Amino acid sequence: MIEIKRLEPQLADDFLNFFDSRAFSDNSDWSGCYCLFNRIPDDDEWDKRSPGMNRDTADTAIRSGKMSGYLAFFEGKAIGWCNGDNLDQMPRLKKFFNGVTIDLTKAFAFSCFLVERSFRQQGIATALLDFALADAKNRGFRVAVARPAAGPRLAGADPNVPSGWEQRNYHGPLALYQKAGFCEAGKSGDFILMTKILTH
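This one's a predicted model, so the numbers in the text were calculated from it and none came from an experiment.

(A) The arrangement of the pairing of strand S7 (residues 191–197) in detail. Across the seven residues that make up S7, a large majority, five, are buried. Sheet analysis places strand S5 (residues 143–146) next to S7, joined by four bridges and oriented antiparallel. Following the sheet pairing, Ala144 is matched in S7 by Lys196. Relative to S7, strand S6 (residues 183–188) runs antiparallel, the two being bridged by five bridges. Its bridge partner being in S7, Cys183 is matched across the sheet by Thr195. Hairpin remark: S6 followed by S7, antiparallel, with two residues in the connecting loop; positive phi at Gly189, about 65 degrees.

(B) Spatial organisation of the nonpolar core. Core analysis: the biggest nonpolar cluster contains 27 residues, and Phe110, Phe113, Leu128, Leu129, Leu133, Tyr177 and Phe182 have the highest contact counts within it. Every element with two or more residues in this core is listed here: strand S2 (70–74), strand S3 (77–86), strand S4 (107–115), helix H5 (124–138), S5, helix H6 (174–179) and S7. Ranked by the residues each element gives to this core, the list is headed by H5, at six residues. Not counting residues within four places of it along the chain, the set of residues in contact with Phe182 comprises Phe110, Leu129, Leu133, Ala144, Val145, Ala146, Tyr177, Met194, Thr195 and Lys196. Counting residues in each nonpolar core, the second largest holds 25 residues, with Leu11, Cys35, Ile40 and Ala58 among its members.

(C) Region of the structure containing the pairing of S5. Where burial is concerned, the two faces of S5 agree: the one with Val143 and Val145 and the one with Ala144 and Ala146 are both buried. Where S4 and S5 come together, four bridges link them in parallel fashion. If you follow Ala109 over to S5, its bridge partner there is Val145. Assessed by its sense of winding, the connection that carries the chain from S4 through H5 to S5 is right-handed.

(D) Representation of helix H1 (residues 12–21). Considered for burial, the residues of H1 that qualify are Ala12, Phe15, Leu16, Phe18 and Phe19. Viewed end-on, H1 has its buried residues packed into an arc of 160 degrees, placing them on one side of the element. Lining the buried residues of H1 we find helix H3 (51–63), S2, S3 and S4.

(E) Inspection of the confidence of the model for the protein at higher detail. Of all residues in the protein, 90% attain a pLDDT of 70 or more, and the chain-wide mean is 87. Counting contacts from residues 153–165, a segment whose pLDDT is below 50, to residues more than four positions away or on other chains yields 18 contacts.

(F) Seen up close, the environment of Leu16. Topologically, Leu16 is positioned in helix H1. Given a relative accessible area of 4%, Leu16 falls into the buried group. Among all residues touching Leu16, those that are not within four sequence positions of it are Tyr34, Arg55, Asp59 and Arg63.

(G) Seen up close, unusual backbone geometry. Look at Cys35: it is not a glycine, yet its phi comes out positive at around 55 degrees. One non-glycine residue with positive phi stands out, namely Lys106, at about 60 degrees. If you trace the backbone, Lys106 turns up in the loop between helix H4 (91–94) and S4. Judged by relative accessible area, Lys106 falls into the partly exposed class, the value being 37%.

(H) Seen up close, the pattern of salt bridges. Under the counting rule described, the total for this entry stands at twelve salt bridges. A salt bridge links Asp135 to Arg6; its shortest N-O distance comes to 2.9 Å. One end of the pair, Asp135, is in helix H5; the other, Arg6, is in strand S1 (residues 2–6), with 129 residues separating them in the sequence. Two residues, Arg92 and Asp43, come together in a salt bridge whose shortest N-O distance is 2.4 Å. Placement of the pair is Arg92 in helix H4 and Asp43 in helix H2 (residues 43–48), with a sequence separation of 49 residues. Take Asp43: its relative accessible area is 44%, and that puts it in the partly exposed class. The structure contains a network of salt bridges with shared partners spanning Arg6, Glu8, Asp135 and Arg139.

Cut-offs used in this document
Residues numbered from 1 in each chain as written. Predicted model: local features only at pLDDT ≥ 70, side-chain atom pairs only at ≥ 80, totals over all residues. Heavy atoms only, no water. Buried < 20%, exposed > 50% of the residue type's maximum accessible area, 1.4 Å probe, protein only. Helix = DSSP H or I, 4+ residues; strand = E, 2+ residues; numbered from the N terminus. Pairing = 2+ DSSP bridges. Core = buried A, V, L, I, M, F, W, Y, C linked by side-chain atoms within 4.5 Å. Contact = heavy atoms within 4.5 Å. Right-handed = clockwise from strand over helix to strand, strands pointing away. Arc of directions from axis to C-beta. pLDDT = per-residue confidence, 0-100. Salt bridge = Lys/Arg side-chain N within 4 Å of Asp/Glu carboxyl O.

Spelled out as structure tokens, the structure:
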């Protein structure tokens, strides 16, 4: 039985424990992000940050209610994460949507999905997305946006890594959003800009 919870201050330790020990068990190069990349608008600033700085920033932001998202739990342990929050909180992602014609007032953004390796391919990402969409709608968001990879490989991906490796889908697979009713709103390099109206 999987339980989905919106990230709240009291779940900060669960979030940190997931990122410290399980989220990147097969991709340690990304383990220091703590899902802050899209929240830091400037490349130079991002390059100066250490994993410890990111961990402390995420910890403070969660405990002060300034960082949202969703955790999936199995038997009381966090085994999945969806970085879903107000698009205004993700300036790095927001810039890719500047040219879309849809009104992005009160937009909710999905930037990353992470599932513990042993729980992948079991519908955890779908459960996270469905829960987050319903929650965003209930909170008054008008539209949801995402930027999944368009093809089997991200630009610049290691050619020695199999094309089916999970890394390419860290934004969430294109099919995940299509199944949930998202529509294509444009392209950005090797990525598709997806939107879904939440209210009418």
